Amino acid sequence: MKHLKILIYFIIILPGSLTARENDYIPVRFEKISESLYVIFGGHGANSGLFIGENGLIVIDPKMNQRAINEFFEKTALITKIPFRYIINTHSDPDHILGNRFFPPEYVTYIAHENCRREFTEPNWDGSQSEWKSPEYAPYFPTVTFRDKLDIYSGGKKIELRYFGIGHTSGDAVIYFPDEKTAFLGDQLVLGHKPGAHPYKGGNTFENVRTLERMLSALDAEKFVNGHVSEVLDRDTVRDYIADMRRIQSNIRAKITMGYTLIEIRNDYSDRMKMFVDNVYREITEKRDHN
Ligand SMILES: [Zn+2]
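Please read these numbers as outputs of a predicted model, since none were measured by experiment.

## Structural notes on the pairing of strand E4 (residues 56-60)
And then number 1: Burial analysis of E4 places 4 of its 5 residues in the buried class, the great majority of the element.
And then number 2: Across 5 bridges, the pairing between strand E3 (residues 48-53) and E4 is antiparallel. Pairing of Phe-51 across the sheet is with Ile-58, part of E4.
And then number 3: Counting the residues between successive antiparallel strands, the hairpin from E3 to E4 contains 2 residues.
And then number 4: Two strands pair when backbone bridges link them, and E4 and strand E5 (residues 84-88) are joined in this way by 4 bridges, in the parallel orientation. Directly across from Ile-58, in E5, lies its bridge partner Tyr-86.
And then number 5: Following the chain from E4 across helix H2 (residues 66-79) to the adjacent parallel E5, one finds a crossover that is right-handed.

## Quick look at the sheet that holds strand E13 (residues 233-234)
And then number 1: Here 6 strands make up an open sheet; going across it, the order is E8-E9-E10-E11-E12-E13 and the pairing mixed. This sheet does not close on itself; its edge strands, each paired only once, are strand E8 (149-154) and E13.
And then number 2: Across 2 bridges, strand E12 (residues 223-226) lies against E13 in antiparallel orientation. Opposite Phe-224, over in E13, you have Leu-233 as the bridge partner.

Thresholds, definitions, all that
- Residues numbered from 1 in each chain as written.
- Predicted model: local features only at pLDDT ≥ 70, side-chain atom pairs only at ≥ 80, totals over all residues.
- Buried ≥ 20, exposed ≤ 12 C-beta atoms within 10 Å, placed from the backbone.
- Helix = DSSP H or I, 4+ residues; strand = E, 2+ residues; numbered from the N terminus.
- Pairing = 2+ DSSP bridges.
- Right-handed = clockwise from strand over helix to strand, strands pointing away.

This is the structure in structure tokens:
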């Protein structure tokens, strides 16, 4: 039944075109994981994270526009007066990085995977130029990058930034809080539809599956936060998602073997699955499935 519930929260995400329509606005909502960790749902932009460290606050994927970030700042101020210290981007899609602009770059450190930083300036999904090419965005780029792993220590706590491989893009970071057994996955996993991957940023659905499997076996996590579902997920849900992706990939492979065209295969799936189906089809026919 959990899946049904999740489907209700389904949000269509067109990469690079998340327009801020006021009538769609859902207020920013903080969900407490522990005394020091919150998940922030609602507002414009992706789900965010807030960690209250002894030496500063850590924000994951800050909200993307003024209204949402103001709500975020107001609600944060009710919890703590500790200053912001680190801003972490899980990947380079606009809904995950535009919020960097609302923090003072002279006081915060922006952190992302090294591929993610490069992808800030890659063209958008429609081929248009990234706004991050503009000089006014220069102060808000990641100032610290990592390749495989980066740890942040705060008092007795450790925060792990991990890279498990290609997935939604080529630079997806997983942010893991061992004390809370909570992992922030960005858009590596989006229930309700399967965005699969952004090929224009090196993403690949077959790699995505393997990367998620590596993540599950490496982390002792019990709670998972993805970019766009308004609830914290459990381990079984992540496992089911991976199995579902594998099943769809196998079905598409079988159809291709039987001579079906992409148009015919698409007809078997709902609109929200089309981007995923297109990606899988292209990866198989262009031999980028690596199986
Ligand atoms: Zn997103």
